[in-house]
Amino acid sequence: MSEKYYYVEPYLKTIDAKITGITNKGLILDRTISYPEGGGQPGDRGTINGIVYTDTIHDNDEIVHVIANPSSFKVGDRVTLNIDWAHRYDYMQQHSAQHLLSGILFNKYNIGTVSVHQGEDILTIETDSSFISDETLLSVEYDAIKAICENHRIYYKEMSHSEAEALGLRRSIKVEGDVRLVFIEDVDVIACGGLHVSSTGEIMELSYAGSEMIRGHVRTIWRTGNRAIAKRRRDSESIKTISAQLSAPEDKVSSAVQKQAEELKSLKLKLRLLEEKAALEELKNCNERIFSTTYSLASFVPSLKSGEFFITHIDDNRLQWLYYGSESRFSCIKAKFKELGLKGGGRAPLYQGVCSIPEEELLKSIKEILI
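Computed from a prediction, not measured in an experiment: that's the story for all the values here.

### Observations regarding the overall build of the protein
- Helix and strand counts for the protein come out as 8 helices and 20 strands.
- Radius of gyration (C-alpha) of the protein: 32 Å, far over the 21 Å computed for a compact globule of 371 residues.
- Taking the principal axes of its C-alpha atoms as reference, the protein extends roughly 90 × 55 × 40 Å.
- Considering only intrachain contacts with a sequence separation of at least 6, the fraction spanning at least 24 residues in the protein is 57%.
- Accessible area of the protein: about 20400 Å², with a carbon and sulfur share of 50%.
- Put simply, the protein has 45 plus and 53 minus side-chain charges, and the middle of one group is 6 Å from the middle of the other.

### Re the sheet that holds strand β15 (residues 217-224)
- Taking strand neighbours across the sheet as the criterion, the 4 strands line up as β9-β10-β15-β14 in an open arrangement whose pairing is antiparallel. What marks the edges here is a single partner per strand, and that holds for β9 (113-118) and β14 (206-214). Taking the axes of each pair of neighbouring strands and ignoring which way they run, one obtains an average angle of 20° across the sheet.
- Against the sheet, helix α2 (residues 85-109) engages β9, β10 (123-127), β14 and β15, with an angle of about 30° to β10.

### Overview of the sheet that holds strand β2 (residues 14-22)
- Read around the closed barrel, the 6 strands follow the order β2-β3-β7-β6-β5-β8; overall the barrel is antiparallel. Ignoring which end each strand starts from, the neighbouring axes of this sheet average 50° apart.
- With 5 bridges connecting them, β2 and strand β8 (residues 78-83) associate as antiparallel partners. If you follow I15 over to β8, its bridge partner there is L81.

### Considerations on the pattern of salt bridges
- On inspection of all chains with the given rule, the structure shows 18 salt bridges.
- With its nearest N and O atoms 2.8 Å apart, the salt bridge here joins E212 to R219.
- On the basis of relative accessible area, R219 is assigned to the partly exposed category, the value being 23%.
- Overlapping salt bridges, with partners in common, bring together R289, E308 and R329 in one network.

### A few points about unusual backbone geometry
- Here the bond from A348 into P349 is cis, since omega is 10°, no more than 30 degrees from zero.
- By the secondary structure assignment, P349 is in the loop between β19 (343-347) and β20 (350-355).
- The phi dihedral of D186 falls on the positive side, at around 70°, and the residue is not glycine.
- Mapped onto the elements, D186 comes out in the loop between β12 (179-184) and β13 (188-191).

### Points about the side chain of T312
- In this structure, T312 sits in strand β17 (residues 309-315).
- Relative accessible area serves as the criterion here: at 0%, T312 is assigned to the buried category.
- Among the polar contacts listed, one links the side chain of T312 to the side chain of E359, at a separation of 2.7 Å.
- Look past the residues within four positions of T312 in its chain and what remains in contact with it is F291, S292, T293, L297, L319, Q320, W321, E359, L362 and L363.

### Observations regarding the packing of helix α5 (residues 225-246) against helix α6 (residues 253-285)
- Remark: α5 packs on α6, axes separated minimally by 10 Å, with the N-to-C direction vectors making an angle of 55°. It follows that α5 is oblique to α6 by the angle criterion. The handedness of the crossing between α5 and α6 comes out as left-handed. Each of I239, I242, S243 and L246 in α5 lies in contact with α6, whose residues at this interface are V253, A256, V257 and Q260.

### Some remarks on the packing of aromatic side chains
- In the structure shown here, the tally under the stated rule is 16 aromatic pairs.
- Note on F310 and F337: the rings are 5.6 Å apart at their centroids and 75° apart in plane angle, and the pair reads as edge-to-face. A residue pair is termed long-range when its members are at least 10 positions apart, and F310 in strand β17 and F337 in helix α7 (residues 327-340) qualify at 27 residues.
- With a centroid separation of 6.0 Å and an interplanar angle of 75°, the aromatic rings of F330 and Y351 are classed as edge-to-face. Of this pair, F330 sits in helix α7 while Y351 sits in strand β20; the two residues are 21 residues apart in sequence, bridging distant segments of the chain. Comparing F330 with Y351 shows no difference in burial state: the two are buried.
- By way of ring pairs, the aromatic residues F310, W321, Y323, F330, F337 and Y351 are connected into one cluster.
- In this structure, K157 is placed above the aromatic ring of F183, and the distance from its NZ or CZ to the ring centre is 5.6 Å.

Scoring rules and cut-offs
Residues numbered from 1 in each chain as written. Predicted model: local features only at pLDDT ≥ 70, side-chain atom pairs only at ≥ 80, totals over all residues. Heavy atoms only, no water. Helix = DSSP H or I, 4+ residues; strand = E, 2+ residues; numbered from the N terminus. Rg over C-alpha atoms; globule rule 2.2 N^0.38 Å. Contact = heavy atoms within 4.5 Å. Areas by Shrake-Rupley, 256 points an atom, 1.4 Å probe, with all protein chains shown as cover. Lys, Arg positive; Asp, Glu negative; His and termini not counted. Charge placed at Lys NZ, Arg CZ, Asp CG, Glu CD. Pairing = 2+ DSSP bridges. Axes fitted to C-alpha atoms, helices over the stretch in contact; angles between N-to-C directions. Salt bridge = Lys/Arg side-chain N within 4 Å of Asp/Glu carboxyl O. Buried < 20%, exposed > 50% of the residue type's maximum accessible area, 1.4 Å probe, protein only. Polar contact = N/O pair within 3.5 Å; in protein donor to acceptor, adjacent residues only side chain to side chain. Parallel < 35°, antiparallel > 145°, perpendicular 65-115°, else oblique. Left-handed = near helix turned anticlockwise from the far one by under 90°. Phe/Tyr/Trp six-rings, centres within 6.5 Å; stacked < 30°, edge-to-face > 60°. Lys NZ or Arg CZ within 6 Å of the ring centre and 35° of its normal.

So, in structure tokens, the structure goes:
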């Protein structure tokens, strides 16, 4: 089995090793610094002799470096393994932040962690609680940032199962035999096989990003490390841009956006009323029952009170159609439209939809049906 050098030197970025096995999935080395997927933490990726490997996994108790063409290597080859350090360090930050947050949730609020997911953008922690207020979660955020500033040491210890159980961990131990514990000094201790930064200060930054319900539990959402920094910078640039566009101070952007939204709503209402008025005039002045219009089809609906009409309108390169007719002919007309290839919805006397038939061809076919 591979020597798990990622435990010995978690900050090591490159190592020389020997290939001891080759499978259809990839390469097995006598020792590796590449962490295999597990505990919510994805596997490492990088290069072996300059050739990219995309993941590291457990397979039949072996650590396999997933590579597209493992047959280009042979057992016994000496190789140089380089991990994608930015990718690894990002997940070390995330994993440590998750322990920090879960520890605070449990020790201060007696909220347990059910499951975690370290994604490409966010970190999620599913709790065992059915309700947690935003006020509480913002308090957790504050305590976590405080712990980051205090730069608590993060370290590992191995001890017997009974010794570990005697510590009263916040989560039961799922493995037999000796246990690897991760300590965040004065904050948290838990059994874990993942990789972590050496102090809370290396988490750098952390922000609460919301919560949602899943399986009756609150799942909290966070950003950490360089991701949190990048998001803060993006948000800051967005606010600056909106502030300039609205000619409003940055601290007044929210009220300025609300004011503009209300003005837009009022303008949309005025436009709808004007379109309905224009549509009514078009109906009065048009001698045809089958025609194309530049107005939205919705603007005709209030004016359709009697008679039979088929109206088309092109919007965003989509041909929209509307049929208004008597209830007695409705079923028959719908059947004929279906034969023509028109799909739509509605109930008597209104039926409408979109189609891919050229407008001129459609209007000609409809005239043959309705006249």
